[in-house]
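Report on the structure
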Amino acid sequence: NAGVMQNPRHLVRRRGQEARLRCSPMKGHSHVYWYRQLPEEGLKFMVYLQKENIIDESGMPKERFSAEFPKEGPSILRIQQVVRGDSAAYFCASSREGGDTEAFFGQGTRLTVV
Amino acid sequence: SQQGEEDPQALSIQEGENATMNCSYKTSINNLQWYRQNSGRGLVHLILIRSNEREKHSGRLRVTLDTSKKSSSLLITASRAADTASYFCATDERIKAAGNKLTFGGGTRVLVKP
């Protein structure tokens with residue numbers, strides 16, 4: 001049973017380009033969460049999705065960021081017109097239904113904006 | 001201060017010694033989780049402790065939870081060089097019908113010297 005898979009592991013984008021980060025949850029998990037981690041800091045919640053639904057996007061910046069979790073395929077975090085401040089590690093986690101279950105994290109995508 | 005703050009921020013010990021780190025939080029929780037992160041890597045889930053539990057063990061790890069003080073501690077006994085990592089506590093917040101949004105502290109960076 002593969003864990004949470006994120007790709008790419010490393011992504012370099014020039015300012016103004018788009019970044020697409022992918023996350024495949026663990027088998028049997030229908031809940032996906034995206035977090036961002038700046039250097040030397042803890043993770044900050046961005047968005048929580050279930051299949052075809054955004055449940056909570058309270059941590060998403062108002063502009064340029066969007067997320068989806070289609071019926072088929074991985075969850076996508078999209079950042080349009082990237083700026084240097086978007087450089088960070090982006091982690092995806094998944095869990096089963098229910099609020100008292102463990103969330104399992106992927107290895108993250110490290111985005112560098114040059 | 002933010003939910004889920006760890007103390008100390010950094011800890012340096014000799015191999016074989018015990019390492020203790022604390023986490024404080026502000027709001028009511030369903031559970032509290034501890035994670036380990038090696039430099040540049042993803043998060044590894046260590047222990048989940050529910051709000052009605054006071055203590056939990058897993059191998060060389062011991063976690064306590066005091067909901068009256070809104071605090072938790074993680075003890076690593078007989079530390080090894082491989083325990084060198086950052087340790088994060090994360091508290092959950094129920095989101096609507098299901099799912100758990102985690103709030104992370106800034107982490108404790110542990111260095112175990114051989």
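Before any of the text, the structure's been laid out above.
Attention here is on the structure that accompanies the text. As the structure is a prediction and not an experimental result, all values here were calculated from the model.

Points about the nonpolar core
Taken as a class, soluble globular proteins show a tendency for nonpolar side chains to be buried jointly. Trp34, Met46, Leu77 and Tyr90 of chain A are the most contacted members of the largest nonpolar core, which has 23 residues in total. At the level of elements, β3 (19-24), β4 (31-37), β5 (43-50), β7 (65-68), β8 (75-79), β9 (88-95) and β11 (109-113) of chain A are the ones that each hand at least two residues to this core. Residue contacts for Met46 of chain A: discarding those within four places in its chain leaves Trp34, Tyr35, Arg36, Asp56, Glu57, Ser58, Gly59, Met60, Pro61, Phe65, Leu77 and Tyr90 of chain A. Counting residues in each nonpolar core, the second largest holds 21 residues, with Met21, Ile29, Leu32 and Leu65 of chain B among its members.

A closer look at the packing of aromatic side chains
If you walk through the whole model with that rule in mind, you get eight aromatic pairs over all chains. Each ring, one from Tyr35 of chain A and one from Phe104 of chain B, has its centre 5.6 Å from the other, and the planes form 85°; the classification is edge-to-face. Placement of Tyr35 of chain A in strand β4 and of Phe104 of chain B in strand β10 (residues 100-104) is noted, with the two residues assigned to different chains. Judged on exposure class, the residue Tyr35 of chain A and its partner Phe104 of chain B are both buried.

Observations regarding the sheet that holds strand β1 (residues 5-7) of chain A
Residues and elements named next belong to chain A. As summarised here, the arrangement of the four strands in space is β1-β3-β8-β7, forming an open sheet in which the pairing is antiparallel. Whereas interior strands pair on both sides, the edge strands pair on one side only; in this sheet they are β1 and β7. In this sheet, adjacent strand axes meet at a mean angle of 15° when their direction is disregarded.

Re the layout of surface pockets
Here the largest pocket is characterised by a volume of approximately 380 Å³. Along the wall of the largest pocket there are 18 residues; nearest its centre are Gln37 and Glu40 of chain A together with Gln37, Ser39 and Gly40 of chain B. The element contributing the most residues to the lining of the largest pocket is strand β9 (residues 85-94) of chain B, with three residues.

Details of the pattern of salt bridges
A full pass over the atoms with the stated rule returns seven salt bridges over all chains. For Arg78 of chain A, the salt bridge is made with Glu18 of chain A, and the minimal N-O distance between the two is 3.9 Å. Of the two residues, Arg78 of chain A is situated in strand β8 and Glu18 of chain A in the loop between β2 (10-13) and β3; the sequence distance between them amounts to 60 residues. We classify Arg78 of chain A as buried; its relative accessible area is 18%. Under the relative-accessibility criterion, Glu18 of chain A is labelled partly exposed at 33%. Linking Arg62 of chain B and Glu55 of chain B is a salt bridge whose minimum nitrogen-to-oxygen distance equals 3.1 Å.

Definitions and limits used
- Residues numbered from 1 in each chain as written.
- Chains lettered and ligands numbered in written order.
- Predicted model: local features only at pLDDT ≥ 70, side-chain atom pairs only at ≥ 80, totals over all residues.
- Heavy atoms only, no water.
- Core = buried A, V, L, I, M, F, W, Y, C linked by side-chain atoms within 4.5 Å.
- Buried < 20%, exposed > 50% of the residue type's maximum accessible area, 1.4 Å probe, protein only.
- Helix = DSSP H or I, 4+ residues; strand = E, 2+ residues; numbered from the N terminus.
- Contact = heavy atoms within 4.5 Å.
- Phe/Tyr/Trp six-rings, centres within 6.5 Å; stacked < 30°, edge-to-face > 60°.
- Pairing = 2+ DSSP bridges.
- Axes fitted to C-alpha atoms, helices over the stretch in contact; angles between N-to-C directions.
- 1 Å grid on protein atoms, 1.4 Å probe; cavity = no way out; pocket = protein on both sides within 12 Å on 5 of 7 lines; lining within 4 Å.
- Points joined across faces, edges and corners; volume = space filled by probe spheres on them.
- Salt bridge = Lys/Arg side-chain N within 4 Å of Asp/Glu carboxyl O.

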